[in-house]
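# Residue-level structure breakdown
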Amino acid sequence: MSWIDWLVMVGFSAFVVLYGVWKTRHAGSTERYLLAGRSTPWFAVMLSVMATQASAITFLSTPGQAYVDGMRFVQFYLGLPVAMIILCQTAVPLFHRLKVFTAYEFLEQRFDLKNRLLGAFLFLVQRGLAAGFTILAPALILTVLLGWELRLTVAVIGALVVLYTAVGGSEAVGKTHLLQMAIVALGMGLAFVLVLCALPEGVSGLDAVRVAGKLGKMNVLTFDFDWRDRYNFWSGLVGGTFLALSYFGTDQSQVSRYLAGRSVRESRIGLLANGIVKIPMQFAILLLGVLVFAYYQFALPPLNFNPGAEAAAHAGEDAGAYRRLEGDFARVHAEKQSVIRAALAAAGASGSVGRGFDDDAVASMRRLHREELRLRSEAKGLVRAAAPDAAADDTNYIFLNFAIHVLPTGLVGLVLAAILAASMSSTAAELNALASTTVIDIYKRLVRADRDDRHYLRVSRLATVFWGLFAIGFALFANRQGSLIEAVNILGSLFYGTILGLFLIAFFLKGVSGTPVFVAALAAEALVLGCFVFTEIPYLWYNVIGCAAMVLLACLLQKALPPRRRPPAA
Amino acid sequence: MTTRPADAAPEERPPVFKTWRGIYLALLGNLLLLIMVFYLITKVFS
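## Thoughts on the overall build of chain B
Of the regular secondary structure elements, chain B holds 1 helix and 0 strands. Buried residues in chain B amount to 37% of all 46 residues. For chain B, the accessible area works out to roughly 3,100 Å², and carbon and sulfur atoms hold 68% of it.

## Some points on the overall build of chain A
When its secondary structure is counted, chain A shows 22 helices and 0 strands. Here chain A has a C-alpha radius of gyration of 25 Å; the compact-globule value for 570 residues is 25 Å, and the two agree. Its C-alpha atoms put chain A at 95 × 55 × 50 Å along the principal axes. Looking at chain A as a whole, 61% of its 570 residues are labelled buried. Long-range contacts, defined as pairs at least 24 residues apart, comprise 85% of the intrachain contacts of chain A with a sequence gap of at least 6. Of the roughly 21,300 Å² of accessible surface on chain A, 64% is carried by carbon and sulfur atoms. Each charge class in chain A can be summarised by its mean position, and for the 49 positive and 38 negative side chains these summaries are 11 Å apart.

## Concerning helix 6 (residues 91-98) of chain A
Residue and element names in this part refer to chain A. Burial runs high along helix 6: 6 of the 8 residues are buried. Along helix 6, the residues classified as buried are A91, V92, P93, L94, F95 and H96. Backbone geometry just downstream of helix 6 places K99 in the positive-phi region, at approximately 55°.

## Some details on the side chain of E525 of chain A
Residue and element names in this part refer to chain A. As for its position among the elements, E525 is in helix 21 (residues 514-534). Although buried, E525 forms no salt bridge, and the nearest oppositely charged side chain, R127, lies 14 Å from it. Discounting residues that sit within four places of it in the chain, E525 has contacts with L122, L494, F495 and T498.

## Comments concerning the interface of chain A and chain B
Of the residues lining the interface, 38 residues belong to chain A; the matching set on chain B comes to 25 residues. Roughly 2,900 Å² of surface becomes buried between chain A and chain B when both sides are summed, with 72% attributable to carbon and sulfur atoms. Three residues stand out in chain A for area buried against chain B, namely I85, L221 and R265 of chain A, and they jointly supply 19% of the buried area on that side. At the junction of chain A with chain B, the criterion picks out 0 salt bridges. Secondary structure elements with two or more residues in the side of chain A that touches chain B: helix 5 (80-89), helix 6, helix 10 (205-214), helix 13 (264-295) and helix 20 (484-508) of chain A. Along the lines of polarity and charge, the residues of the side of chain A that touches chain B split into 25 nonpolar, 6 polar and 7 charged.

## Topic: the packing of helix 13 of chain A against helix 17 (residues 398-406) of chain A
Residues and elements named next belong to chain A. Two elements in contact, helix 13 and helix 17, have axes separated by 11 Å at closest approach and are oriented at 60°. Taken together, the axes of helix 13 and helix 17 are oblique relative to one another. Here helix 13 runs over helix 17; the crossing is left-handed. Facing helix 13, whose interface residues are L288, V292 and Y295, helix 17 presents I398, F399, F402 and V406. Among the residues forming the contact of helix 13 with helix 17, the class breakdown is 7 nonpolar, no polar and no charged.

## Things to note about the pattern of salt bridges
Residues and elements named next belong to chain A. Using the criterion set out here, one finds 15 salt bridges over all chains in the structure. The partner of D69 in a salt bridge is R72, with the nearest N and O atoms 2.9 Å apart. Classification of D69 by relative accessible area gives partly exposed; the value is 23%. A salt bridge links R127 to D251; the nearest nitrogen and oxygen atoms lie 2.8 Å apart. Linking R127 in helix 8 (residues 113-146) with D251 in the loop between helix 11 (233-250) and helix 12 (252-259), this pair joins segments that are 124 residues apart in sequence. For R127, a relative accessible area of 6% translates into the label buried. For D251, a relative accessible area of 0% gives the class buried.

## Some remarks on the domain arrangement of chain A
Residues and elements named next belong to chain A. Domain boundaries assigned for chain A yield domain 1 (3-17 + 34-296 + 404-480) and domain 2 (326-390). The C-alpha-based centres of domain 1 and domain 2 are spaced at 34 Å. The interface of domain 1 with domain 2 comprises 11 residues on the first partner and 15 residues on the second. Of the roughly 1,200 Å² buried between domain 1 and domain 2, counting both surfaces, carbon and sulfur atoms make up 58%. When the buried surface of domain 1 facing domain 2 is broken down by residue, R210, K214 and L215 rank first, second and third, together holding 44% of it. Where domain 1 meets domain 2, there are 0 salt bridges. On the surface where domain 1 and domain 2 come into contact, there are 2 residue pairs in polar contact (both at pLDDT 80 or more). In terms of residue count, helix 10 provides more of the side of domain 1 that touches domain 2 than any other element does, 4 residues in total. Residue classes in the side of domain 1 that touches domain 2 are distributed as 6 nonpolar, no polar and 5 charged.

Reading the values: the criteria
- Residues numbered from 1 in each chain as written.
- Chains lettered and ligands numbered in written order.
- Predicted model: local features only at pLDDT ≥ 70, side-chain atom pairs only at ≥ 80, totals over all residues.
- Heavy atoms only, no water.
- Helix = DSSP H or I, 4+ residues; strand = E, 2+ residues; numbered from the N terminus.
- Buried < 20%, exposed > 50% of the residue type's maximum accessible area, 1.4 Å probe, protein only.
- Areas by Shrake-Rupley, 256 points an atom, 1.4 Å probe, with all protein chains shown as cover.
- Rg over C-alpha atoms; globule rule 2.2 N^0.38 Å.
- Contact = heavy atoms within 4.5 Å.
- Lys, Arg positive; Asp, Glu negative; His and termini not counted.
- Charge placed at Lys NZ, Arg CZ, Asp CG, Glu CD.
- Salt bridge = Lys/Arg side-chain N within 4 Å of Asp/Glu carboxyl O.
- Buried area = accessible area lost by both parts, 1.4 Å probe.
- Nonpolar A, V, L, I, M, F, W, Y, C, P; charged D, E, K, R; others polar.
- Axes fitted to C-alpha atoms, helices over the stretch in contact; angles between N-to-C directions.
- Parallel < 35°, antiparallel > 145°, perpendicular 65-115°, else oblique.
- Left-handed = near helix turned anticlockwise from the far one by under 90°.
- Domains from an automatic or database assignment.
- Polar contact = N/O pair within 3.5 Å; in protein donor to acceptor, adjacent residues only side chain to side chain.

See below:
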C-alpha cells in the first residue's frame, strides 16, 4: 500500500473521529447523550438508520457473497419495506408518545419488570456479541493488507470508536454517520466504476454481467420454495419481514436512531426513506461482487483469496499437492477464459440484439466452472489441514483482495477508509444503544434510581467504555467464522423471534399478561436454540418460528391460567 | 394498538402525499416494481 493510500485512509478516519469528538464534547444531559436531545431531522434519521445497519461487514462480505453465491442474497431484504410500514404505524408513534429512552421501558409499562429485563437481557447478549463482529471485519482487512497482528488491529479500531462514542454519545454517533455515509458512498461508487474500467478491452459491463449470469450469478429471484434453501423469495419476504420488524422495532441500536427524531413525522419519513433506498443499495453492492467475479473470468484469481491461508498451505506438509492444484486451476481457468472469449466474439459477430451465447459454449463454461469450484474446494481442505486456525472460507477476502491488487493508488485508501467508516458507524450506534439499555433498564431501574442527571451521564460514558471493551474482547475470539455477514444475521435470528413475539403481544394482544408472556418467551427461545443445534432449518425461519411459538404459547398459557381475583371492594 | 390516528395532527402530515396511507402504498408499489425488475433480470441473464 502506497503512502498516498495511507494518507487517504488515515486522513479520512482521523477526521471523522476528531469531528465527532469536537462537535459533541459538551453533551450536557442524559437525554442529549443517549438520544441526541430528540432533535434529529428525517434525512439524518434515514442516514443514521442506514449507517447503523450497513457495517463494514456489508461492504466486505456482501460482494464476496455475490462472488460465491450470486445475487440472490438481495432477497434477504425484500421484507424490509413491509416492516418499515408496520413500524411507522405502530412502534414509532407509540415510543414517541411514551417518551421512552429504550424500547424495553415500554415492556414494563405494558407487562412487568421481568419482561422488561428479559427483553433488555436478550438485546444486550446478542448485540454485545454482534458489536464484536463489526469491529472484527475491518481488522481482518488491515491484518491481511499490512501484516499487522490481528489483536492489535482490533484494539486500535475499537479504541477509536469508543473514544468518540464515549465522549459525544448519540449526538456524536448521528453527526459522524452523515460523514461516514458520504465516504462510503464515494468509496463504493468509485470502486464500482473502476471494476468496469478494469474489464478487458472489448468486454463491456453488460457482457460481464451476461457471462456471470450464465455461470449462475444473476440468480436475483428464486421462487422455488425449499426449507433448506437459505435465500429465496419466500424466506426473504416472510422471514425477512419478521427479521426486519424485530431488528428495527425491538433492537435498541435501531430504535435509538429513530427515537432521536425531532417528531413522529421525521422518524417515520426517515424509516420509510430507508425502505426505499436499502434494497437498491444492497443490489448495487452485490452487483459489485458479480462484476468482480466477471473480472476474474479474464484474469487468474488466486486459488484462495485469503493470503494467510495460501501462505499456510504453501508452507504445510501438503505444499506440493497445493501447488499441483494451483497448476490445475490455472490450466482450467485458461481453458474457460478462451471459451468465454470465443463465445463473446461469436455472439458479437452474430449481430444478435441479445448477444446470446451458443448452447455448447455455455455448457463448456459451466463444466469448466464446476471444475474450478471442485479445485477450490480441494484447496480449502488442504488449507484446513495445514492451518486449522486460518480462515479457509475466503468469502470475506474476495473484494479486499481485488481492491488491493487491481484498484489504483489512492482509491485503495479510499475504499479502506469507507470500510473503516462503515465499521465505526455501526459499532458506535451499537455501543450507544448498549449503554442506553444498561443504564436505563438495568442501572437506573435496579441499582440507583435516585441520582441526578450528571451521575447517569457519567455512568452512560462508563457503560459505553465497558461495552467497547466487551466487543473488542469478543472480536479477539471470533476470527474463524465463515461469511461474516451471515454469522451476524444468524446470531441476530437466534434471539429476534422471541423479542419480536414479546413486542407483538405487547402491541396487539391486550388480554395477555406478564407471567404467561415471560414463560412463553423462555420456551420459545429454547425452541429456537434447539432448531439451531439439532435441525438444518435456514436461519431466516428462526425469526418466524420463535415469534409464532412465543405468541401461541403465551395465548395458551393465558387461557390455562385461572382468572385473576379482584380485591374485595372496601 | 394504542396509537393515535396517524393522520390526526396537522404537524404529522406526510410530505407529498395527503395521508400516510398514500406513502405506505407508494412504498409497497416501489417494492413490487423492484420485484418485477429483479424477475426480469433473473430471466434475461440466467
